[in-house]
Amino acid sequence: MLRSVGQKSVTGSGEDPRVTGLRTAVSRLRRELAAHPAEVPDRCIADQELAALTAMTLDGAPETPRLRRSLLVIAGAIGSVSALSGAMSQVRDAVDLFGEPTRG
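Presented here is a report on the structure given in the accompanying data block. Only a predicted model underlies this, so the values are computations on that prediction, with no experimental measurement involved.

This part covers the overall build of the chain. Each helix and strand in the chain was counted, giving 4 helices and 0 strands. Secondary structure elements of the chain occur, N-terminal to C-terminal, as α-α-α-α. The 104 residues of the chain split such that 33% are buried. With the model as given, the accessible surface of the chain reaches about 6200 Å², and the carbon-plus-sulfur share is 55%.

The structure is reproduced here in structure tokens:
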């Protein structure tokens with residue numbers, strides 16, 4: 001089922017399903033990055049930013065500008081590692097569910 005950006009559904013636990021989806025996507029990317037055997041020059045930067053994203057999901061709905069910044073940092077750190085593209089796309093899609101950042 002598709003939902004508009006402003007429409008929120010609540011899971012049985014009372015948690016925003018966008019947050020649950022983001023947490024799941026981040027967890028998958030963290031696992032795949034940890035298991036990736038090839039050299040990823042900025043792996044530690046990606047790991048740190050993924051940990052920050054995980055922390056953001058623990059406090060409810062994260063701030064959209066911060067999510068987008070993290071997404072850019074992770075994408076830059078991982079680069080074009082094709083083996084991680086599926087998990088990276090899942091994180092991007094999860095961030096997109098939070099909508100565009102509001103402009104002040």
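Moving on: the nonpolar core. If you look at the biggest cluster of nonpolar residues, it comprises 24 residues, and the most contacted ones within it are Leu22, Leu29, Leu53, Leu67, Ile74, Ile78 and Val91. It is helix H1 (residues 17-35) that provides the largest number of residues to this core, a total of 6 residues. Not counting residues up to four positions away in its chain, the partners in contact with leucine 67 are Leu22, Leu53, Met56, Pro62, Val95 and Phe98.

Reading guide: rules and limits
Residues numbered from 1 in each chain as written. Predicted model: local features only at pLDDT ≥ 70, side-chain atom pairs only at ≥ 80, totals over all residues. Heavy atoms only, no water. Helix = DSSP H or I, 4+ residues; strand = E, 2+ residues; numbered from the N terminus. Buried < 20%, exposed > 50% of the residue type's maximum accessible area, 1.4 Å probe, protein only. Areas by Shrake-Rupley, 256 points an atom, 1.4 Å probe, with all protein chains shown as cover. Core = buried A, V, L, I, M, F, W, Y, C linked by side-chain atoms within 4.5 Å. Contact = heavy atoms within 4.5 Å.

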